[in-house]
Amino acid sequence: MQEKDDKKSAYKLATRAVREGQVRSAEGEHAEPIFLTSSYVFKSAADAAARFSGEQAGNIYSRFTNPTVRTFEERLAAMEEGESCVATATGMSAILAACMGLLSAGDHVVAGRDLFGSTIILFNKILTKFGLSFTYVDSADTAQWEDAIQANTKMLFLETPSNPLCNVSDISAVAKIAHDNSALLVVDNTFCTPVLQQPLKLGADVVVHSSTKYIDGQGRTMGGAVVGDKKLVGEDVFAFLRSAGPTLSPFNAWVQLKGLETLTVRMQAHSQYALEIASWLESQPAVERVFYPDLPSHPQHDLAQRQQTAAAGVLAFQVKGGRDEAWQVIDSTELFSITANLGDTKSTITHPATTTHGRLTNEERQEMGVLDNLLRLSIGLEDVDDLKKDLQRGLDQL
Ligand SMILES: *Cc1c(COP(=O)(O)O)cnc(C)c1O
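Attention here is on the structure that accompanies the text.

How each quantity is defined
- Throughout this description, residue numbers start from 1 for each chain and increase along the sequence as written.
- With pLDDT at 70 or above as the cut-off, local features in this predicted model cover only qualifying residues; side-chain atom pairs require 80 or more to be listed or tallied, and sums for whole chains, interfaces and linings still use all residues.
- Side-chain figures throughout are based on the complete set of non-hydrogen atoms in the structure, without hydrogens or water.
- Only DSSP runs of H or I with at least four residues qualify as helices, and only runs of E with at least two residues qualify as strands; both kinds are numbered from the N terminus onward.
- Three exposure classes are used, based on accessible area relative to the maximum for each residue type with a 1.4 Å probe and protein chains only: buried under 20%, partly exposed in between, and exposed over 50%.
- Residue contacts are defined here by distance: any two heavy atoms, one from each residue, within 4.5 Å place the two residues in contact.
- Only four residue types enter the tally: Lys and Arg on the positive side, Asp and Glu on the negative side; His and the chain ends are excluded.
- Charge positions are represented by NZ for Lys, CZ for Arg, CG for Asp and CD for Glu.
- For patch building, the residue pool is restricted to those with more than 30% relative accessible area and no salt bridge; the joining distance is 9 Å between like charges and 5 Å between nonpolar side chains (Val, Leu, Ile, Met, Phe, Trp, Tyr).
- Under the convention used here, a 1.4 Å probe and the Shrake-Rupley method define accessible areas, while residue burial counts only the protein chains that appear.
- Each salt bridge in this description consists of a side-chain nitrogen of Lys or Arg and a carboxyl oxygen of Asp or Glu lying within 4 Å of one another.
- N or O atoms closer than or at 3.5 Å make up a polar contact, with two conditions inside protein: a donor-capable atom paired with an acceptor-capable one, and, for residues adjacent in sequence, both atoms drawn from side chains.
- Here, nonpolar core means buried Ala, Val, Leu, Ile, Met, Phe, Trp, Tyr and Cys residues that are tied together by side-chain atoms lying within 4.5 Å of each other.
- Every axis corresponds to a line fitted to the C-alpha atoms, with the helix fit spanning only the stretch in contact, and the corresponding angles, defined between N-to-C directions, vary from 0 to 180 degrees.
- Oblique is the label for any angle not covered by the other classes, which are roughly parallel (under 35 degrees), roughly antiparallel (over 145) and roughly perpendicular (65 to 115).
- Ten residues, namely Ala, Val, Leu, Ile, Met, Phe, Trp, Tyr, Cys and Pro, are considered nonpolar, four, namely Asp, Glu, Lys and Arg, are considered charged, and the remaining ones, Gly among them, are considered polar.
- Strand pairing follows a simple DSSP-based rule, namely that at least 2 bridges must link the two strands.
- Only Phe, Tyr and Trp rings take part, Trp by its six-membered ring, and two of them pair if their centres are within 6.5 Å. Stacked means planes under 30 degrees apart, edge-to-face means over 60, and tilted covers everything else.
- The rule is short: NZ of Lys or CZ of Arg within 6 Å of the ring centre and within 35 degrees of the ring normal puts a charge over the ring.
- Cysteine sulfur pairs qualify as disulfides if the two atoms are within 2.5 Å.

As a further point, take the overall build of the protein chain. Regarding its fold elements, the protein chain presents 14 helices and 13 strands. Viewed in the frame of its principal axes, the protein chain has a C-alpha envelope of about 75 × 50 × 35 Å. Looking at the protein chain residue by residue over its 398 residues, the buried ones come to 56%. Taking the intrachain contacts of the protein chain between residues at least 6 apart in sequence as the baseline, contacts between residues at least 24 apart amount to 74%. Both charge centroids of the protein chain, one from 36 positive and one from 50 negative side chains, sit 5 Å from each other.

A contiguous patch of negative charge, built from Glu276, Asp383, Asp385 and Asp386, is present on the exposed surface. On the secondary structure map, Asp383 appears in the loop between β13 (374–378) and α14 (384–395).

What follows is about the side chain of Arg75. With respect to the helices and strands, the residue Arg75 is situated in helix α3 (residues 67–80). Here the side chain of Arg75 touches Val18 through a polar contact of 3.3 Å, landing on its backbone oxygen. Not counting chain neighbours up to four residues away, the residues in contact with Arg75 comprise Arg16, Ala17, Val18, Arg19, Glu20, Gln22, Glu32, Leu257, Leu260 and Glu261.

On to the nonpolar core. Ranked by internal contacts, the top residues of the largest apolar core, which has 33 residues, are Phe123, Met155, Phe157 and Val226. When contributions to this core are tallied by element, the ones reaching two or more residues are α4 (91–102), β3 (108–112), α5 (117–126), β4 (133–137), β5 (153–159), β6 (184–188), β7 (206–210) and α9 (230–244). Once residues within four sequence positions are removed from consideration, Val226 is found in contact with Ser84, Cys85, Val86, Ala94, Ala98, Val206, Val207, Val208, Val233 and Val237. Listed in part, the 29 residues of the second largest apolar core include Val69, Leu196, Val207 and Tyr214.

The next thing to look at is the packing of α4 against α9. Between α4 and α9, whose axes approach to 8 Å, the crossing angle comes to 105°. With respect to each other, α4 and α9 are oriented roughly perpendicular. Of the residues in α9, those touching α4 at Leu96, Ala97, Ala98, Met100, Gly101 and Leu102 are Leu232, Asp236, Val237 and Phe240. Its residues assigned to classes, the contact of α4 with α9 shows 8 nonpolar, 1 polar and 1 charged.

Looking along a regular strand, one sees the side chains alternate between the two faces of the sheet. The buried fraction of β13 is high, at 5 of 5 residues. On β13, burial covers both faces: Leu374, Arg376 and Ser378 on one face and Leu375 and Leu377 on the other are all buried. Taken together, the 5 bridges between strand β10 (residues 314–319) and β13 define a ladder with antiparallel strand orientation. Across the sheet, the residue bridging to Leu315 is Leu377, located in β13. Bridge analysis of strand β12 (residues 348–350) against β13 gives 3 bridges, and the strand direction is antiparallel. Of the residues in β13, the one forming a bridge with Thr350 is Arg376.

Counted under the stated rule, the structure contains 5 aromatic pairs. With 4.5 Å between their ring centres and 10° between their planes, Phe123 and Phe134 make a pair best called stacked. Taken together, the residues Phe123 in helix α5 and Phe134 in strand β4 connect sequence positions 11 residues apart. Taking relative accessible area as the criterion, Phe123 reaches 0% and is therefore assigned buried. With centroids separated by 5.4 Å and ring planes inclined at 85°, the aromatic side chains of Phe123 and Phe157 adopt a geometry described as edge-to-face. Here Phe123, found in helix α5, pairs with Phe157, found in strand β5; they are 34 residues apart in sequence, far enough to count as distant. Three or more aromatic residues joined by ring pairs make a cluster, and in this case those are Phe123, Phe134 and Phe157. For Arg323, the ring lying beneath its charged end belongs to Trp327, and the centroid distance is 3.9 Å.

This brings us to the sheet that holds strand β11 (residues 337–338). Read across the sheet, 5 strands follow the order β9-β10-β13-β12-β11 without closing on themselves; strand pairing throughout is mixed. Of all strands in the sheet, those with a lone pairing partner are β9 (287–291) and β11, marking the two edges.

On the secondary structure map, Val23 appears in the loop between α1 (13–19) and α2 (45–53). Given a relative accessible area of 66%, Val23 falls into the exposed group. For Val23 and Thr68, which are 45 residues apart along the polypeptide, the C-alpha to C-alpha distance reads 9.5 Å.

Scanning the entire structure with this criterion turns up 0 disulfides. Of all cysteine sulfurs, the one in Cys99 lies closest to Cys85, which takes part in no disulfide; the gap is 17 Å. Classification of Cys99 by relative accessible area gives buried; the value is 2%.

Structure follows, in structure tokens:
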């Protein structure tokens, strides 16, 4: 867990992404070193006692103190403009740590219906066993958040833009509802990253990340993070990590802190390429509808323009027809990887109805708008013309 100084960084986001959090060792290395060590040596018995009691700051054991992990935490905290960051082994363990650190048995949570699939399963199948209850709302409809509040509501949990339909929720408006009802707003910022959207500045209390996605950016390592203030994250979430141990490995922290260094330019490129592909898809006769927040046809286009500096690399579209036509587009690609992962330099194509959303009932999918003719793309960093040609092959056959 890393806490920033009270003073805010004097540097702009791209500079923070490259420079924040590094502490150069006596060797004078230019790039950050990896500290692959589980424990640390103390100078004396008194020194060890002072560290363990918390009287003296410093490393104790890598389950909760490691210099490489700390550099990653400090850098991400600076980019989100939060006081504290706790890095975790995966995005799911970041969400688990936020819930375990901030909620107690009997508490109620209001969450968006279109959250990442494993988040819904964690909530419904695991956390309900420990006395938490959940109500789901249409996340883009601000009034539904308000209506779902109960006397015991302690947390509102939001993901924007959502997956796969790119619905955009008004973070400031939902934060106000949370605070008017003495609840916290947690935002999963995996899709936009702090480069495109900073939920804490819009009023959210806590941000969670799957750093497996854009922060790694090249599909190599798993990781996650929780960012917020010194009390909520620096004490409450950190206390869970320290004792329960869903810790980010120092090696993965190193890969991902180097990922942060290129995140600014990568997010701009992913967004630019995705917008080009989304606009082009809208002009294709075999395409029925395209979902991407930066398109003027998107229902929350104005809100997205205000809230995000660009729309990231994920978009969805419906082909004319049903499952067979959607599968034909997938099976005609040679370049797109057929996989559900996203946020990679390699572009991916997915059929949500039979993969990521396959465990839902047909009615649940209809209600969410995840129809059989829907495809989801995560646009990587290949040449846009090559990606268009790859999709054109299947679309021309429909
Ligand atoms: C992938 C993802 C997660 C879960 O992260 P893992 O690193 O796979 O555990 C959570 N939220 C969103 C939005 C994701 O895309």
